[in-house]
Amino acid sequence: MAAATLPGPTKLRWGELDEDDGGDDFDFLLPPRVVEGPDENGVKRTVEYRFDDEGNKVKVTTTTRVRKLARARLSKRALERRAWPKFGDAVREDVGARLTMVSTEEIVLERPRAPGSKQEETSMTGDALAAAGKAGAVLMVCRTCGRKGDHWTSKCPYKDLAPQTDNLPPPELGPSAPGTGKSTYVPPGMRGGGGDRTGTEMRRRNDENSVRVTNLSEDTREPDLLELFRTFGPVSRVYVAVDQKTGVSRGFGFVNFVHKEDAERAINKLNGYGYDNLILRVEWATPRPN
Amino acid sequence: MRPILMKGHERPLTFLRYNREGDLLFSCAKDHTPTVWFADNGERLGTYRGHNGAVWCCDVSRDSTRLITGSADQTVKLWDVQTGAQLYSFNFDSPARAVEFSVGDKLAVITTDPFMGNPSTIQVKQIAKDSSQQTSESVLTIKGPQGRINRAVWGPLNKTIISGGEDAVLRIWDSETGKLLKEADQESGHQKTITSLSKSADGSHFLTGSLDKTAKLWDARTLTLLKTYASERPVNAVAISPLLDHVVIGGGQEASHVTTTDRRAGKFEAKFFHKILQEEIGGVKGHFGPINSLAFNPDGRSFSSGGEDGYVRLHHFDPDYFNIKM
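Residues numbered from 1 in each chain as written. Chains lettered and ligands numbered in written order. Predicted model: local features only at pLDDT ≥ 70, side-chain atom pairs only at ≥ 80, totals over all residues. Heavy atoms only, no water.

Moving on to the sheet that holds strand S5 (residues 210-214) of chain A. Residue and element names in this part refer to chain A. A sheet is described by the order of its strands in space; here four strands give the open sequence S6-S7-S5-S10, paired in antiparallel fashion. A strand with exactly one partner marks an edge of an open sheet, and here the two such strands are strand S6 (235-242) and strand S10 (281-284). In this sheet, neighbouring strand axes are inclined to one another by 20° on average, regardless of whether the strands run parallel or antiparallel. With five bridges joining them, S5 and strand S7 (residues 249-257) adopt antiparallel strand pairing. Its bridge partner being in S7, Ser210 is matched across the sheet by Asn256. Against the sheet, helix H6 (residues 222-229) engages S5, S6, S7 and S10, with an angle of about 140° to S6. Where helix H7 (residues 260-270) meets the sheet, it contacts S5, S7 and S10, and its direction lies at approximately 150° from that of S10. (Pairing = 2+ DSSP bridges. Helix = DSSP H or I, 4+ residues; strand = E, 2+ residues; numbered from the N terminus. Axes fitted to C-alpha atoms, helices over the stretch in contact; angles between N-to-C directions. Contact = heavy atoms within 4.5 Å.)

This part is about the nonpolar core. Residues B:Leu24, B:Phe26, B:Tyr48, B:Leu67, B:Val76 and B:Val81 are the most contacted members of the largest nonpolar core, which totals 31 residues. Residue assignment for this core shows that the elements contributing at least two residues are strand S3 (24-29), strand S4 (35-38), strand S6 (55-60), strand S7 (66-71), strand S8 (75-80), strand S9 (86-91), strand S10 (96-101) and strand S11 (107-112) of chain B. Ranked by residue count, the leading element in this core is S6(B), at five residues. In terms of nonpolar packing, the next biggest core, distinct from the first, is built from 20 residues, A:Leu225, A:Val235, A:Phe257 and A:Ala263 among them. (Core = buried A, V, L, I, M, F, W, Y, C linked by side-chain atoms within 4.5 Å. Buried < 20%, exposed > 50% of the residue type's maximum accessible area, 1.4 Å probe, protein only.)

To continue, consider the UniProt feature "repeat: WD" (unreviewed entry) in chain B. UniProt records the feature "repeat: WD" (unreviewed entry) for residues 6-47, 48-89, 142-183, 187-228 and 284-314 of chain B in the present numbering. As a span, residues 284-314 of chain B carries 0% helix and 52% strand, and end to end its C-alpha atoms are 11 Å apart. (UniProt positions renumbered as here; feature names shortened; annotations may be inferred.)

The next subject is empty space enclosed by the protein. Residues and elements named next belong to chain B. Applying the stated criterion across every chain yields a total of four cavities of 30 Å³ or more. In this structure, the largest cavity occupies an estimated 80 Å³ of space. Every residue along the wall of the largest cavity is listed here: Ser231, Glu232, Arg233, Pro234, Val235, Ile249, Gly250, Gly251, Gly252, Lys267, Glu269 and Lys271. When residues in the lining of the largest cavity are grouped by element, the largest group, three residues, is from strand S23 (residues 246-251). When its residues are assigned to classes, the lining of the largest cavity shows three nonpolar, four polar and five charged. In this structure, the second largest cavity encloses a volume near 50 Å³. Its residues assigned to classes, the lining of the second largest cavity comprises six nonpolar, three polar and one charged. (1 Å grid on protein atoms, 1.4 Å probe; cavity = no way out; pocket = protein on both sides within 12 Å on 5 of 7 lines; lining within 4 Å. Points joined across faces, edges and corners; volume = space filled by probe spheres on them. Nonpolar A, V, L, I, M, F, W, Y, C, P; charged D, E, K, R; others polar.)

Okay, structure coming up:
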């Protein structure tokens with residue numbers, strides 16, 4: 001551009017310079033403007049020289065990126081159509097009629113998982129997972145035999161072998177408490193061995209060695225949490241709070257460990273641990289007030 | 001990307017169609033005027049005035065001179081694309097639901113709804129080159145399927161007609177005799193109303209969307225089920241990318257439930273799936289009503305969606321869309 005024309009006519013010998021010009025116009029002394037690129041990334045570099053206010057020579061390098069916004073690859077017919085006059089309701093359209101506008105919001109293609117991460121088992125193809133999703137997405141762990149993902153506690157085939165239920169005969173087979181007929185209701189505390197399965201104990205199962213995990217990312221599901229906490233020891237329950245309306249995680253959950261020491265180690269290790277761009281907060285869960 | 005919003009319709013959108021070169025976008029809505037837009041900047045080129053009911057479907061001829069629209073006012077109209085003049089009007093005794101030109105634009109398939117005791121039909125009309133010689137006789141009339149036939153399209157080489165509708169069964173008909181050739185397998189097929197059907201660019205396979213919250217990919221000749229894409233909401237609209245191995249499905253909860261639930265629960269997003277891996281690639285949000293129609297630009301570099309909210313949103317993909325790795 002300008003660089004090409006500069007060297008020719010304006011190249012004067014310094015001896016021929018008129019001293020009276022003062023410091024006003026020495027631009028022709030400057031090296032010509034150099035434009036490099038644009039290279040394959042569209043980066044264009046322009047090097048210019050000028051004098052600043054104090055008369056110092058300054059080199060100015062401007063780097064710009066050139067980007068083709070629209071791929072103009074219209075066919076001849078499409079170009080013809082471009083010139084078609086408006087018709088129908090569009091005729092009366094003045095420029096002020098804002099039928100078409102560009103969204104003020106930047107819309108991105110929201111990816112369900114971070115690019116590059118490997119696919120998890122949440123692809124929802126298996127029936128078991130789909131069923132688990134319907135049942136409030138509780139991870140399927142049998143409390144009787146400890147098998148994971150195979151069956152629910154109530155459907156356990158090893159129910160009869162499990163030690164906890166040994167002294168609990170099925171209600172139909174015999175009188176569960178002295179003096180009660182078959183049709184009368186027996187509170188759970190009075191059944192079988194009486195005090196060995198009280199309501200408090202049942203609740204404690206949920207409260208025991210319970211660890212509260214907060215500041216979870218929205219995408220964290222129970223399997224992810226299990227994956228994270230399994231390394232510290234056997235886990236009896238994983239729960240992630242889910243918004244009832246939207247099905248989106250509310251950002252906290254609970255993990256119950258079988259052993260207290262494991263829970264302690266998990267808290268020590270994972271509190272402040274970075275998980276999915278967020279810093280986890282892991283602490284003992286406070287028991288429910290009631 | 002910053003989508004272009006086009007608010008030319010006062011009622012929910014029903015259908016979107018690009019012409020072959022991808023420079024024009026035709027939109028149909030429940031208001032009575034189909035509209036044509038420039039597909040690059042979203043400027044309105046014109047409207048086609050004359051219908052007296054919701055317009056359900058349209059198709060444009062390969063040379064972009066003729067438009068055919070099917071409407072609930074029991075007519076199917078032929079239009080001159082350039083001037084918006086009505087060339088011909090086919091009259092039916094029930095609302096028209098789906099229309100499509102055949103390859104070569106010599107025939108058009110039209111479906112009509114069950115109405116006032118008339119069963120639903122699939123009809124084939126001859127389209128005259130010169131619209132002054134156009135006749136209204138049907139070359140072929142197929143009756144049989146129960147309920148509305150929401151989509152009927154031409155199969156490969158115009159030899160067949162593929163239809164799907166409220167009875168959730170996809171059928172392939174012989175386009176000359178009207179004989180039923182194939183019926184989709186009941187078990188692997190859709191369980192609820194088929195709402196949309198979209199062919200691939202080469203016509204070898206097609207995608208159907210259904211209220212059973214899935215979209216399914218089928219072979220157009222053998223009607224074998226190729227892929228299934230699961231969504232969380234009823235699927236109203238589907239489209240296949242002509243450029244990449246992507247499909248996009250749109251939908252959302254039923255319009256009647258929108259006001260009763262949380263805004264975020266609607267899931268009014270266009271979801272992208274990998275066509276072969278059936279894996280979700282991502283979602284494009286923006287509509288505040290269910291998505292009723294989706295269309296890919298034939299160059300695959302942009303797509304548009306029409307929603308129950310009355311907006312057409314025209315999305316030009318960002319460059320990184322084309323580098324998505326699975």
